[in-house]
Amino acid sequence: MKLNRSKLKEKFYETIKAVFPILAIVLLLCFTIAPIPPSILMAFLIGAVLLIVGMLLFNVGVELSMTPMGERVGTIMTRSKKLWVIVLISFIMGFIITISEPDLQVLAQQVPSVPNLVLILAVAAGVGVFLVAALLRMLFGIPLSHLLVFFYLIVFGLTFLVPKDFLAIAFDSGGVTTGPMTVPFIMAFGIGIASIRSDRHASDDSFGLVSLCSIGPILAVLILGMIYNPQQTEQVSEAIPMVDNTVELWELFAEGFPEYIREMAVSLLPIVVFFGIFQLISRDINKKALIKIGIGLVYTYVGLVLFLTGVNVGFMPAGKYLGQTIAGLSYAWIIIPIGMVIGYFIVLAEPAVFVLTRQVEEMTSGAISAKAMSLSLSIGVSISVGLAMVRVLTGISILWLLVPGYAIALILTFFVPKIFTAIAFDSGGVASGPMTATFLLPFAMGACEALGGNIITDAFGIVAMVAMTPLITIQIMGMVFKLKESSRRKGVSRQKGQVSLEVFGDMEIIEL
């Protein structure tokens, strides 16, 4: 199968456009107020090259494999018209895809008081249950805003029963479990289910699966916090690796590649097995389509290996060192505007953001452009990183930001078009991906260390902040869209009225 050369070129430019600003900002900081050792800078630059190539292959692979796989599963499953089959398959799919998410392993290590396997199984079950809830919402036409209000009231109710030092990690869990492996498949799955429906709200309801699936892990971790009652645990921060020569620099990446080759194989295998079994049962096998999906899976796999190696080996040390250096300045407050600028651009380098913005543009026939979506996400993440840096400097509780933030987001759900609510809450999970976990979180941890703060309570929570603000900014975009549409309709009806009066006046003159 030959790839469209112009499409590949377009994706390459999109990738460069997404990665270049963050590269330029880091280099500017390195050569001005935040000098870093040459070894860390070289690792960062090599990581950036791997990130660009990885993102390019991932985006091509998702289009060829994950999207058609998800759509096919959603379409065939809904056609069965057996509710118990739909519920069972949805739960199994949510469960195995979550277990395959590499970020979940990282989350498990952050909660030493809860056994790793218990936490992983609880979070996976949470996603499975909420994927079923999201599917039933689509099938029965239940308003998304009603479910969001109901479940977030339960979430914030549970926060009063859980140790305060545990809250940031619990809310972070909602973002880390909806990563580059799960988002493309789940979003395409929603589009496949919506394609069966013929009513006018079908396209609106095709979004919203990721938003509900993000609640499952938060609830699961909060409930585990009540059972195990974890006490404050100071995170032991990993040392930043230093190298003396190019051979040692290569060894850093050589150690990283086998780890992520294995990790991505384990992550992708359950999805491939699930799809393979599903296809054998449904007997809806098209040889040409399967070959295309197979090629796409190879691209996806190689792309994610390169991407994760680049950001984990190259970006993580640079992010932490920059955070330490900037927070150590006599004017440490400057970390707030710097964090906002980094947040504005870094979200565009998230692999799943490409998938979301493109699918939104396609499903709305261009009414919501990818450019408008990207701008709204960038503004939202910029604000969230700024607020996270305020937390690092002041040590205020994350609830002082999350409670009013989610209250505003949930109130807006009753005033904006349904599709904007679904897209906004999906965007929260999508925006908080690997780039947040491997650059922004180490950046906050480094700053927290330099200021002598508590990493668990002050640095963690940045993922939750990044997941929250897009809910508000994209719904505000929906409000603007609604007002413009209302104004346009009034203008058209007024114009029609003027034409009618003119015609009526002419007729009256003719009669006289």
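Residues numbered from 1 in each chain as written. Predicted model: local features only at pLDDT ≥ 70, side-chain atom pairs only at ≥ 80, totals over all residues. Heavy atoms only, no water.

Student: Whenever I open this one, the overall build of the protein chain confuses me. Can you help?
Tutor: Each helix and strand in the protein chain was counted, giving 20 helices and zero strands. Here the protein chain holds 512 residues, and the buried ones make up 56% of them. Pairs at least 24 residues apart make up 87% of the contacts formed inside the protein chain by residues separated by at least 6 positions. (Helix = DSSP H or I, 4+ residues; strand = E, 2+ residues; numbered from the N terminus. Buried < 20%, exposed > 50% of the residue type's maximum accessible area, 1.4 Å probe, protein only. Contact = heavy atoms within 4.5 Å.)

Student: Help me out: how do you make sense of helix H12 (residues 287-327) in this one?
Tutor: Spacing of three or four residues puts side chains on the same side of an α-helix, whose turn is 3.6 residues. End to end, H12 covers 57 Å across 41 residues, agreeing with the expected 60 Å (1.5 Å per residue, within 8%). Along H12, the largest kink reaches about 40° and is centred on Phe 315; proline Pro 317 follows within four residues of it. (Expected span 1.5 Å × (residues − 1). Bend = angle between axes of the 7 residues up to and from the residue.)

Student: Which parts of the structure should I look at to understand empty space enclosed by the protein?
Tutor: Taking a probe equal in size to a water molecule and rolling it over the atoms shows the remaining empty space. Tallied over the full model, the rule gives three cavities of 30 Å³ or more. Considering only enclosed or pocket space, the largest cavity measures out at about 100 Å³ in volume. In terms of lining residues, the largest cavity is bounded by 14 residues, among which Tyr 152, Ser 214, Ile 218, Tyr 406 and Ala 467 are the most central. Across the lining of the largest cavity, the residue classes break down as eight nonpolar, six polar and no charged. (1 Å grid on protein atoms, 1.4 Å probe; cavity = no way out; pocket = protein on both sides within 12 Å on 5 of 7 lines; lining within 4 Å. Points joined across faces, edges and corners; volume = space filled by probe spheres on them. Nonpolar A, V, L, I, M, F, W, Y, C, P; charged D, E, K, R; others polar.)

Student: Is there a simple way to think about the environment of Leu 56 in this case?
Tutor: Here Leu 56 is to be found in helix H2 (residues 38-79). By relative accessible area, which is 16% here, Leu 56 ends up buried. When near neighbours in sequence (up to four residues on either side) are disregarded, Leu 56 contacts Leu 8, Lys 11, Phe 12 and Thr 15.

Student: In this structure, what is going on with the confidence of the model for the protein chain? I would like to understand it.
Tutor: Any segment with low pLDDT has predicted coordinates that should not be analysed in fine detail. Residues of the protein chain with pLDDT of at least 70 account for 88%, and the chain-wide mean is 83. Per-element confidence in the protein chain ranges from a low mean pLDDT of 60 for helix H9 (residues 202-205) to a high of 94 for helix H13 (residues 335-346). With pLDDT under 50 throughout, residues 499-512 is counted as low confidence; its partners more than four residues away or in other chains account for zero contacts. (pLDDT = per-residue confidence, 0-100.)

Student: Would you explain the packing of aromatic side chains in this entry?
Tutor: Aromatic ring pairs: the centre-centre distance and the angle between the two ring planes describe each pair. By the definition in use, this model includes 14 aromatic pairs. Here the aromatic rings of Phe 150 and Phe 151 are separated by 5.2 Å at their centres, their planes lie at 65°, and the arrangement is edge-to-face. For Phe 150, a relative accessible area of 47% translates into the label partly exposed. Judged by relative accessible area, which is 15%, Phe 151 ranks as buried. The structure contains a cluster of three or more aromatic residues connected by ring pairs, namely Tyr 152, Phe 156, Phe 171, Tyr 406 and Phe 425. (Phe/Tyr/Trp six-rings, centres within 6.5 Å; stacked < 30°, edge-to-face > 60°.)

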